[in-house]
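If you want the building blocks of each chain, they are given just below.
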Amino acid sequence: MASAARTPPGTAHWEQVWIASPQRSRGMERIDFTSYDRIIVACSGGKDSVATLLHLLECGAPVERFELWHHDVDGQGASFMDWPSTTPYVRALADHFEIPCYLSWREGGLKGEILRNGVPTAAVLCETPAGLVRRGGAGPVGTRLRFPQVSASLTTRYCSATAKIDVADMALRAQDRFLGKRTLFVTGERAEESPNRARYAVFGPHRTDTRDSRRRCRHVDHYRPVHTWSEAEIWAILQRHRIIPPLPYQLGFGRLSCALCVFMSVDQAATLRHIMPERFDALAVLEQTFGCTMKRECGLHQFADRGRVYAAALERPDIVTRALEHQWHGSVVTSRWVLPAGAFGESAGPE
């Protein structure tokens, strides 16, 4: 696939991308951003989703139609799997660009699904312009009582579906404001991340699209504008806009997934045990309770014993403190941009 065209801010409202479709041969097509009523940018807070937002702005997409959506993995509860600073960072990013930011989450967070025992998967709550909306929670009864397992399958690695993908789908379907409208749903997956993600389409109908429905017509396209980008291009656009890299990257992490991601490497495990020992111990206790480890080959403590704490995490206790706070201090822009310690490093994360 060819790289997306780069255009200076304000000079265009469309972008040329390669679009593969079973209805037509592969070719260069134009995305006219002005043809959409809303442009939803799913922002995890990681470098790729931030780069996605910046790229849309550089293409001259109409910012007044943007919404930033962030899925709170811990469900507005106490920190369990995620970085506490991620949600405040996304909020600060939205404030900087004056874009509405809406959170959505699974009731009880990912912890609630991991501990689910004889009850349905919890409902989804989503912030909307009209207030908080709640949907679901009345599905089939089931039991988890185990961690998501390392796998490319979203059934086995159910965390991504439960805490993010299904949450976004529910938020789109729950809001009648998208009916009879054209919506562009934009995400930041890159082919370079994994063979599985390399197979994702750059552009096509979203999972919630019902454009052919006579009863509830909802036109939703899914666009992955940085799919063909290299990591170097990702960092370059953050530098160009002087956006402060999220704090975990500054501690040596090469990817911003959940802090305690099931894909964590041995060095990441050692670092996480060092900076958040209580949370790390709590997961190790759950392994014993479940009789099933998070990492298939051994328990979490044994896994961490094989790694080394990132030097940046040892050298910058001030950033460790900030990464574990539920707030963001100051601007997301800096005049002294520095490539973070985690750049081009370990990118342990979903396949």
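It should be noted that the structure appears before, not after, this text.
Residues numbered from 1 in each chain as written. Predicted model: local features only at pLDDT ≥ 70, side-chain atom pairs only at ≥ 80, totals over all residues. Heavy atoms only, no water.

Trainee: Mind laying out the environment of D281, listing which residues take part and the relevant values?
Mentor: Relative to the assigned elements, D281 resides in helix α9 (residues 277-290). Along the primary structure D281 and L300 are separated by 19 residues, whereas in three dimensions their C-alpha atoms are 8.6 Å apart. (Helix = DSSP H or I, 4+ residues; strand = E, 2+ residues; numbered from the N terminus.)

Trainee: How would you explain the pairing of strand β4 (residues 66-71) if you had to name every residue and give the values?
Mentor: Extensive coverage of β4 is indicated by the burial of six of its six residues. Along β4, one buried face is formed by F66, L68 and H70 and the opposite face, lined by E67, W69 and H71, is buried too. Alignment of β4 against strand β5 (residues 101-106), held across four bridges, turns out to be parallel. Pairing of L68 across the sheet is with C101, part of β5. Note that the unit made of β4, helix α2 (residues 86-97) and β5 has a crossover that is right-handed. (Buried < 20%, exposed > 50% of the residue type's maximum accessible area, 1.4 Å probe, protein only. Pairing = 2+ DSSP bridges. Right-handed = clockwise from strand over helix to strand, strands pointing away.)

Trainee: Which residues make up the sheet that holds strand β7 (residues 124-128), and what are the values?
Mentor: The strand order across the open sheet formed by eight strands is β8-β7-β5-β4-β3-β10-β12-β11, and the pairing between neighbours is mixed. One side of each edge strand has no neighbouring strand; the edge strands of this open sheet are β8 (131-135) and β11 (203-205). For this sheet, the mean inter-axis angle between neighbouring strands, taken without regard to orientation, is 25°. Relative to β8, β7 runs antiparallel, the two being bridged by five bridges. Across the sheet, the residue bridging to E127 is L132, located in β8. The strands that helix α1 (residues 47-58) touches are β3 (38-42), β4, β10 (182-186) and β12 (219-223); relative to β3, the one it contacts most, it runs at about 150°. Sheet contacts for helix α4 (residues 158-173): β3, β4, β5, β7, β8, β10 and β12; angle to β4, the most-contacted strand, approximately 140°. (Axes fitted to C-alpha atoms, helices over the stretch in contact; angles between N-to-C directions. Contact = heavy atoms within 4.5 Å.)

Trainee: Now, about the packing of aromatic side chains: what can you tell me, with residues and values included?
Mentor: Taken as a whole and judged by the stated rule, the model has nine aromatic pairs. Here W69 and F178 contribute two aromatic rings whose centre-to-centre distance is 6.1 Å and whose plane-to-plane angle is 65°, an arrangement assigned as edge-to-face. Of this pair, W69 sits in strand β4 while F178 is found in the loop between α4 and β10, placing the two residues 109 residues apart along the sequence. F178 carries the same exposure label as W69, and that label is buried. For the pair W83 and F253, a centre-to-centre distance of 5.2 Å together with 80° between the ring planes defines the contact as edge-to-face. Of this pair, W83 sits in the loop between β4 and α2 while F253 is found in the loop between α7 (247-250) and α8 (266-275), placing the two residues 170 residues apart along the sequence. F253 shares its class with W83; the two are buried. Site record: aromatic cluster; members linked through ring pairs are F33, F203 and Y223. Sitting over the ring of Y158, R144 keeps its end group 3.7 Å from the ring centre. (Phe/Tyr/Trp six-rings, centres within 6.5 Å; stacked < 30°, edge-to-face > 60°. Lys NZ or Arg CZ within 6 Å of the ring centre and 35° of its normal.)

Treat this as a map of the structure, not an account of what it does.
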